[in-house]
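These are the residues of each chain, in order.
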Amino acid sequence: YYYRFKNADVKDWLWKSESILELYVFLQERKKNAGCCVGVYLDWDGIIQPQPGLDVFNEIDVLTLQDNVLTFISCKSGKLAGNQALHAMYELETVAERFGGNYARKVLAIAYPLSEAYRNRASEMGIEIRQV
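This is a predicted model, so every value here is computed, not measured.

Colleague: Can you tell me about the packing of helix α3 (residues 84–100) against helix α4 (residues 116–124), naming the residues and giving the values?
Modeller: One way to put it is that α3 packs onto α4 with a least axis distance of 11 Å and a crossing angle of 10°. Taken as axis vectors, α3 and α4 run roughly parallel relative to one another. On α4, the residues touching A85, L86, M89 and Y90 of α3 are Y118, R121 and A122. In terms of residue class, the contact of α3 with α4 is built from six nonpolar, no polar and one charged.

See the structure below:
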């Protein structure tokens, strides 16, 4: 078997498990807000280094700006086993605090349900859980 794709973007969306979820969330957000980007790389010190591998950066799956409030959305399409849910929440918390400050909103978009304990933890951290 072989597969032929229309272009590299379509291949990436189909090949990577979280890409479809990211695209779906992005399209839903864009309906509500034109200030929306997908796959945003955030540089920690704001200085782009000339050599690859020297920068410290994070990627946020979907980022929106509405009424001067940034919303950081992390998308997870697989079942979050063990501490994967906590890791996703702490990463989202760290990035949103660093780049959005006190007024940033945090959203974890998931494909599979989370346990009540993880939902409570997310609520205490100010993270909205969206099961899509």
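After that view, the rundown keeps rolling.
Colleague: Now, about the sheet that holds strand β4 (residues 105–110): what can you tell me, with residues and values included?
Modeller: On the basis of which strands lie adjacent, the open sheet formed by five strands has the order β1-β2-β3-β4-β5 and mixed pairing. The sheet is open, and its two borders are formed by β1 (36–43) and β5 (127–131), each paired with just one other strand. With strand direction ignored, the average angle separating the axes of adjacent strands in the sheet is 35°. Judged from the five bridges that link them, β4 and β5 form a sheet pairing that is parallel.

Colleague: So what about unusual backbone geometry? Which residues, and what values?
Modeller: Trans peptide bonds make up most of the peptide bonds, and negative phi angles are found at most residues other than glycine. Even without being a glycine, D67 presents a positive backbone phi close to 55°. Relative to the elements of secondary structure, D67 occurs in the loop between β2 (57–66) and β3 (69–76). On the basis of relative accessible area, D67 is assigned to the exposed category, the value being 68%. One non-glycine residue, N68, adopts positive backbone phi at about 65°. Mapping N68 onto the fold places it in the loop between β2 and β3. Here N68 falls in the exposed class, since its relative accessible area comes to 74%.

Colleague: Just give me the short version of the pattern of salt bridges, but keep the residues and values in it.
Modeller: Following the criterion strictly, the structure yields five salt bridges and no others. In this structure, E128 engages R105 in a salt bridge whose closest nitrogen and oxygen atoms are separated by 3.0 Å. Here E128, found in strand β5, pairs with R105, found in strand β4; they are 23 residues apart in sequence, far enough to count as distant. Given a relative accessible area of 31%, E128 falls into the partly exposed group. Overlapping salt bridges, with partners in common, bring together E29, K32, R105, E128 and R130 in one network.

Colleague: Any chance you could break down the side chain of D43 for me, citing the residues and the numbers?
Modeller: As for its position among the elements, D43 is in strand β1. Although D43 is buried, it makes no salt bridge; R98 carries the closest opposite charge, 7.1 Å away. A polar atom in the side chain of D43 sits 3.1 Å from the backbone nitrogen of D45. D43 has contacts with I48, D55, V56, F57 and F99, leaving out every residue within four places of it along the chain.

Colleague: A description of the nonpolar core should follow, citing residues and the corresponding values.
Modeller: Formed by 21 residues in total, the largest nonpolar core has its most connected members in I60, F72, M89, L108, L114, I127 and I129. Those elements that provide at least two residues to this core are β1, β2, α3, β4, α4 and β5. It is α3 that provides the largest number of residues to this core, a total of seven residues. Setting aside its immediate chain neighbours within four residues, M89 contacts L108, Y118, R121, A122, M125 and I127. Membership of the second largest hydrophobic core comes to nine residues, among which are L21, V25, F26 and V62.

Definitions and cut-offs
- The residue count restarts for each chain, going from 1 along the sequence in the order it is written.
- Given that this is a predicted model, residues contribute local features only at a pLDDT of at least 70 and side-chain atom pairs are listed and counted only at 80 or more, while totals for whole chains, interfaces and linings are drawn from all residues.
- As a convention, hydrogens and water are excluded, and side-chain values are obtained from all of the structure's heavy atoms.
- Here, axes are lines fitted to C-alpha atoms. For helices the fit covers the stretch in contact, and angles between N-to-C directions go from 0 to 180 degrees.
- The way it works is that DSSP assigns letters per residue, a run of H or I at least four long becomes a helix, a run of E at least two long becomes a strand, and they are numbered from the N terminus.
- Relative orientations are named as follows: roughly parallel for angles under 35 degrees, roughly antiparallel for angles over 145 degrees, roughly perpendicular for angles from 65 to 115 degrees, and oblique for any other angle.
- It only takes one pair of heavy atoms within 4.5 Å for two residues to be counted as in contact.
- Nonpolar residues are Ala, Val, Leu, Ile, Met, Phe, Trp, Tyr, Cys and Pro. Charged residues are Asp, Glu, Lys and Arg, and all others, Gly as well, are polar.
- Two strands qualify as a pair provided that DSSP identifies no fewer than 2 bridges between them.
- Buried means the residue's accessible area, taken with a 1.4 Å probe over protein chains only, is under 20% of the maximum for its type, while exposed means over 50%, and partly exposed covers the values in between.
- We define a salt bridge as a side-chain nitrogen of Lys or Arg found within 4 Å of a carboxyl oxygen belonging to Asp or Glu.
- Here the positive residues are Lys and Arg and the negative ones are Asp and Glu; neither His nor the chain ends is included.
- For this analysis, a polar contact is any N or O atom pair within 3.5 Å, provided that within protein one partner can donate a hydrogen and the other can accept it, and provided that sequence-adjacent residues contribute only side-chain to side-chain pairs.
- What is meant by a nonpolar core is a set of buried Ala, Val, Leu, Ile, Met, Phe, Trp, Tyr and Cys residues, joined one to another through side-chain atoms within 4.5 Å.

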